[in-house]
Amino acid sequence: MNARAIPVTDGHLLAVESIEFVRDLAGLQHLKGDWRRLEGQQDGREALFFQTHGWISHVARVRGAADPGFRILVVAGIAGGVARVIWPLALVRRGGIVEAVMLDDTFGQFAGLLAEPGVDIPAFVQTVLVSLRGLADGIRIAQLPKTSSLWLGLVAEGANVVASQPSVVGDLAGYGSLGAFNLAMRSKVRRILRNARSRLERGHAMQAVCGSAGAHVGEALGYAFAERVNWMKRRGRFTPAFHDPVFRKLLEEAPAAGLPCVGFCLKSSDVVISAQFGFVHQGRYYAYLSALNPAFKAFRAGRLPLGMVIEDCFGWGLAGLELMHNASSYKLEWNGTTRDLDTLSLALSPRGVALNLVLDRALPALRRASRLVPEGLRRPLVNLFNRS
């Protein structure tokens with residue numbers, strides 16, 4: 001579609017004239033032109049990689065081929081014959097109950113939508129929710145930045161915040177150089193990190209390897225994924241993404257899908273000390289998956305590689321660093337701040353009300369109770385609840 005500018009003047013918001021549901025990969029491809037245009041209109045200050053056409057199309061292709069209960073339902077808000085707002089949703093079935101979720105639910109780190117400046121998002125959200133009745137029993141949007149336009153639109157329609165967690169973000173643009181960034185850290189933290197690096201370098205010949213080449217990305221992803229699985233097994237903790245059989249395939253095929261992947265490895269000879277896999281988009285680095293070799297834990301080897309990643313981000317001229325959740329202390333030490341990510345749910349039918357009672361009340365209560373059980377008994381319980 002070719003965009004025709006519709007001016008927004010006198011403080012009036014642009015209302016979409018209609019909405020369209022895109023239900024298959026061919027429809028996503030047809031929407032690509034408008035989608036890319038909307039991506040280009042974003043100012044880079046928001047974390048929108050997980051709403052890009054490349055990422056969403058890749059998830060839809062991989063997940064759709066493996067999950068018969070997954071249905072694409074991307075919403076396009078149309079005005080002047082072109083898409084002015086795109087909300088990448090999907091329908092999933094849970095025991096006969098259908099929920100609308102973000103298309104990359106469990107895999108994406110930040111929920112949201114893409115819109116032209118000036119679009120009336122609350123009115124768009126209201127129209128979408130009306131149209132979803134009869135298609136879905138409820139809507140559940142996880143990892144949604146608090147007070148974003150989509151968050152405000154959903155809350156205005158009665159959606160409830162049922163979970164919340166902080167995500168760490170680093171502002172690199174606010175510092176003129178890496179040196180200025182380091183000086184902004186607390187002197188005690190700088191001293192601890194400097195001493196830890198000296199101890200590690202005395203005992204090990206370190207080599208930092210990073211880049212977007214296939215070998216760098218493959219090594220970082222392979223190590224980070226395997227060691228993260230081992231870490232969760234030791235603690236009896238598994239996230240929904242790692243329970244999904246398509247997760248590894250999704251990440252391994254990301255470079256071939258043209259996604260902007262990068263890999264970081266800190267090594268001593270052929271031994272990986274730590275690894276991190278992520279994405280770069282519109283001047284921001286997204287630290288998607290990382291892991292530490294437990295043999296190097298005493299050297300604060302989780303903190304040191306992050307510092308090296310930050311050095312590379314400055315070298316690439318990036319403006320921001322998304323360190324995701326959780327808000328661990330080692331992330332916050334590097335001048336990190338937090339943003340709240342909420343999970344919002346809204347029932348659209350009586351069956352949706354029943355599902356929310358289970359997901360928002362019963363299962364969280366069971367998870368809290370499981371933490372009181374000894375670890376040897378807790379692992380199978382936690383694994384069971386996480387599969388729900």
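Everything below is about the structure printed above this text.
Thresholds, definitions, all that
- Residues numbered from 1 in each chain as written.
- Predicted model: local features only at pLDDT ≥ 70, side-chain atom pairs only at ≥ 80, totals over all residues.
- Heavy atoms only, no water.
- Buried < 20%, exposed > 50% of the residue type's maximum accessible area, 1.4 Å probe, protein only.
- Helix = DSSP H or I, 4+ residues; strand = E, 2+ residues; numbered from the N terminus.
- Arc of directions from axis to C-beta.
- Contact = heavy atoms within 4.5 Å.
- Axes fitted to C-alpha atoms, helices over the stretch in contact; angles between N-to-C directions.
- Parallel < 35°, antiparallel > 145°, perpendicular 65-115°, else oblique.
- Nonpolar A, V, L, I, M, F, W, Y, C, P; charged D, E, K, R; others polar.
- Core = buried A, V, L, I, M, F, W, Y, C linked by side-chain atoms within 4.5 Å.
- Polar contact = N/O pair within 3.5 Å; in protein donor to acceptor, adjacent residues only side chain to side chain.

## Things to note about helix 5 (residues 149–156)
And then number 1: Restricting attention to buried positions, one finds in helix 5 the residues L150, W151, G153 and L154. In a view along the axis of helix 5, the buried residues occupy a sector of 165 degrees, so they form one face of it.
And then number 2: In this structure, the buried side of helix 5 is in contact with strand 3 (82–94), helix 4 (121–132), strand 6 (138–145), strand 7 (160–171) and strand 13 (337–347).
And then number 3: Looking one or two places after helix 5, you find G158, whose phi comes out positive at around 100 degrees.

## Quick look at the packing of helix 2 (residues 32–40) against helix 3 (residues 53–66)
And then number 1: Two elements in contact, helix 2 and helix 3, have axes separated by 10 Å at closest approach and are oriented at 135 degrees. Relative to helix 3, the element helix 2 lies oblique. Judged by residue contacts, K32, W35, R36 and E39 of helix 2 engage H53, G54 and I56 from helix 3.
And then number 2: Grouping the amino acids of the contact of helix 2 with helix 3 by side-chain chemistry returns 2 nonpolar, 2 polar and 3 charged.

## Quick look at the nonpolar core
And then number 1: Grouped together as the largest cluster of nonpolar side chains are 56 residues, with contacts concentrated most on W55, V74, L103, F107, F279 and Y288.
And then number 2: Element by element, the count of residues in this core is highest for helix 8 (residues 214–235), at 7 residues.
And then number 3: Excluding residues that lie within four positions of it along the chain, F279 makes contacts with F49, W55, A254, L259, P260, C261, V262, R284, Y285, Y286 and Y288.
And then number 4: Grouped together as the second largest cluster of nonpolar side chains are 34 residues, V16, V119, I141 and W151 included.

## So, the side chain of Q143
And then number 1: Among the structural elements, Q143 can be located in strand 6.
And then number 2: At 2.8 Å, the side chain of Q143 and the side chain of Q165 are in polar contact.
And then number 3: Reaching out from Q143, the side chain makes a polar contact with the side chain of H325 at a distance of 2.7 Å.
And then number 4: Beyond its immediate sequence surroundings of up to four residues, Q143 is in contact with G108, Q109, F110, A111, Q165, H325, L341, D342 and T343.

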